[in-house]
Amino acid sequence: MGGPKKSKMSSRGRGYLPPAVAAGLARHEAVQQQAYRTKYKQMKNIARSLVLENAALCDTVACVQQRIVLANEERRFLLGKYLSMSQESNMKDNPLLHIDAEALSALQSTGASLTAGSTQAVSKVNGSSCERPVVANSRKTKAQQYGRVCSRGGAGSGKSKRLCPPITLDSAGRPIFPIVLGPLTIHSLGEIVSDRTTYHRNHVIYPVGFCSSRTYASVRSPLLAATYTCKISEGGLAPRFEVVCEEPDTGEERVFCGRTPSECHNAVVDVVNASPSVPRGVLERSVELPSINDIGLRFFGLSHPSVQNVLQACPGARKCQNYQWIKFEVCRSEHEVEQVMESELDPALCHDTLLRNIMFASQAR
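Quick caveat: nothing in here was measured; it's all calculated off a predicted structure.

S.K.: Could you clarify how one ought to interpret the side chain of serine 343 in this entry?
M.R.: For serine 343, the position within the fold is in the loop between helix H8 (334-341) and helix H9 (351-364). Polar contacts involving the side chain of serine 343 include one to the main-chain carbonyl oxygen of valine 340, which spans 3.1 Å.

S.K.: I would appreciate a short explanation of the sheet that holds strand S9 (residues 240-246) in the present structure.
M.R.: Two orientations exist for strands paired in a sheet by backbone hydrogen bonds: parallel and antiparallel. Strand order across the open sheet formed by six strands is S5-S6-S7-S8-S9-S10, with antiparallel pairing between neighbours. One side of each edge strand has no neighbouring strand; the edge strands of this open sheet are strand S5 (179-181) and strand S10 (253-258). Geometrically, the sheet is characterised by an average inter-axis angle of 25° between neighbouring strands, direction not taken into account. Judged from the six bridges that link them, S9 and S10 form a sheet pairing that is antiparallel.

S.K.: Explain the pattern of salt bridges here, please?
M.R.: Where charged atoms from two side chains of opposite charge come close, those side chains can pair. All told, the structure shown has ten salt bridges when counted by the stated rule. Put simply, arginine 201 and glutamate 288 hold a salt bridge, and the shortest N to O gap is 3.2 Å. One end of the pair, arginine 201, is in the loop between strand S6 (184-188) and strand S7 (211-217); the other, glutamate 288, is in the loop between helix H5 (261-273) and helix H6 (295-300), and 87 residues separate them in sequence. A salt bridge links glutamate 344 to arginine 214, with the shortest nitrogen-to-oxygen separation between them at 3.0 Å. With a gap of 130 residues between them, glutamate 344 in the loop between H8 and H9 and arginine 214 in strand S7 connect regions that are remote in the sequence.

S.K.: Would you take a moment to explain the environment of isoleucine 358 for this structure?
M.R.: Locating isoleucine 358 in the fold gives a position in helix H9. By relative accessible area, which is 6% here, isoleucine 358 ends up buried. Placed 79 residues apart in sequence, isoleucine 358 and proline 279 show a C-alpha to C-alpha distance of 6.5 Å. When neighbours within four sequence positions are excluded, isoleucine 358 is seen to be in contact with Leu223, Ser277, Val278, Pro279 and Val282.

S.K.: Can you walk me through the confidence of the model for the protein chain in this structure?
M.R.: The predicted coordinates of low-pLDDT regions are not to be read in fine detail. Averaged over every residue, the pLDDT of the protein chain is 78; the share at 70 or more is 75%. Throughout residues 6-11 the model reports pLDDT below 50, and contacts reaching past four residues in sequence, or to other chains, amount to zero contacts.

S.K.: What am I meant to see in helix H7 (residues 305-312) here?
M.R.: Residues that lie three or four places apart on an α-helix share one face, since the helix turns once every 3.6 residues. Of all eight residues in H7, seven are buried, a share of seventy percent or more. Listed as buried for H7 are Pro305, Ser306, Val307, Gln308, Val310, Leu311 and Gln312.

S.K.: Explain a nonpolar patch on the surface to me, please; I cannot follow it from the model alone.
M.R.: A contiguous nonpolar surface patch, about 240 Å² in accessible area, is contributed by Leu17, Val21 and Leu25. Structurally, the position occupied by valine 21 is in helix H2 (residues 19-93). Residue class for valine 21 comes out partly exposed when judged on its relative accessible area of 41%.

S.K.: How should I be thinking about the side chain of arginine 162 in this particular structure?
M.R.: Here arginine 162 lies in strand S4 (residues 160-164). Put simply, arginine 162 is tucked away with no salt bridge, and the nearest opposite charge, on glutamate 344, sits 9.3 Å away. Here the side chain of arginine 162 touches serine 303 through a polar contact of 3.3 Å, landing on its backbone oxygen. Only 2.6 Å separates the side chain of arginine 162 from the side chain of glutamine 308, close enough to count as a polar contact.

S.K.: Where do I start with the environment of glycine 209 in this structure?
M.R.: Along the chain, glycine 209 turns up in the loop between S6 and S7. Separated by 20 residues in the primary sequence, glycine 209 and leucine 189 have C-alpha atoms spaced 6.7 Å apart. Excluding anything up to four places from it in sequence, glycine 209 contacts Ser188, Gly190 and Ile232.

S.K.: Honestly, the nonpolar core in this entry has me stumped. Any pointers?
M.R.: Burial of nonpolar side chains together is a common tendency in soluble globular proteins. Counting residues in each nonpolar core, the largest one holds 56 residues, and the members touching the most others are Leu189, Tyr216, Tyr228, Val243, Phe300 and Leu302. Among the elements that line this core, the one with the most residues is H5, at five residues. Leave out the neighbours within four places in its chain, and phenylalanine 300 touches Leu184, Phe210, Ser212, Cys230, Lys231, Ile232, Phe241, Glu242, Val243, Pro261 and Cys264.

Scoring rules and cut-offs
- Residues numbered from 1 in each chain as written.
- Predicted model: local features only at pLDDT ≥ 70, side-chain atom pairs only at ≥ 80, totals over all residues.
- Heavy atoms only, no water.
- Helix = DSSP H or I, 4+ residues; strand = E, 2+ residues; numbered from the N terminus.
- Polar contact = N/O pair within 3.5 Å; in protein donor to acceptor, adjacent residues only side chain to side chain.
- Pairing = 2+ DSSP bridges.
- Axes fitted to C-alpha atoms, helices over the stretch in contact; angles between N-to-C directions.
- Salt bridge = Lys/Arg side-chain N within 4 Å of Asp/Glu carboxyl O.
- Buried < 20%, exposed > 50% of the residue type's maximum accessible area, 1.4 Å probe, protein only.
- Contact = heavy atoms within 4.5 Å.
- pLDDT = per-residue confidence, 0-100.
- Patch = residues over 30% accessible without salt bridge, like charges linked within 9 Å, V, L, I, M, F, W, Y side chains within 5 Å.
- Areas by Shrake-Rupley, 256 points an atom, 1.4 Å probe, with all protein chains shown as cover.
- Lys, Arg positive; Asp, Glu negative; His and termini not counted.
- Core = buried A, V, L, I, M, F, W, Y, C linked by side-chain atoms within 4.5 Å.

Right under this line is the structure:
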């Protein structure tokens, strides 16, 4: 008579759920979504607090590091001042005592480590010898100033080599100018004069046309930074050394000339010391030493390991009779570079260090 009757479930489809079940599922999904939102907000708050805590820790570490640097600078300044005052008192008590230049040169050539206090050297007094403490000219040892000296070839070889920071070279292996070595900038290496012995020593070469610059205290106002340009020119039998200070505000130039780099540097120090803004004892004149420790050579940049390494590769270097060849090794890590560049932190070379020492001296009054 008629077809079979279709069931109600087949007519409503397979995905059909009773209203009560569908409402229960909807409520369950809503509860889950709310739980997810709550967990997301909690994780977001935790991440935000961790970021803020990390930033606060970074700021604290930076402040502590700055305090450590200032404390080290203050300690070095006070130690240097104490040593200079003790040396002056010893000289006043015993005016006949003096440091033998040969003994001091022999001590430096052997590479003996100068401690923060003093080291014993033999001084000659009226034909007799006596021992007295020789105060270190700088607050850093020789190994700290110019990079550590390491043995070459093995134990007992007797040879040494100095570390030098790497510089940028072109495809032909020639340096690309300007050569930036911290506060020191080399603009030109010049030409080596090998036929005259006065244009080189056993530890340094004076190339004609050499030009370098560095930032140091202004001669008019030592609290301001000025640009110093160091030049070596032809002077006949001996080279002529010149330091030009360009004032930062007026552009006025002040020229200092001398027969050695130390004469030029000492002239600059005398003018800076004469300023009322520089306390007494912060900056002292340097003593010209027959070694790479000469502060005048360091001011010019002639004794910098990277500069010496490049100069030795220039034409004419092998013909310099009195010059003693130095073995160099390129720094392999940032720590070794920092060790070599630490010599530039001397107050007689670095304006920032000079300003810190002036601040320390003012606070100690």
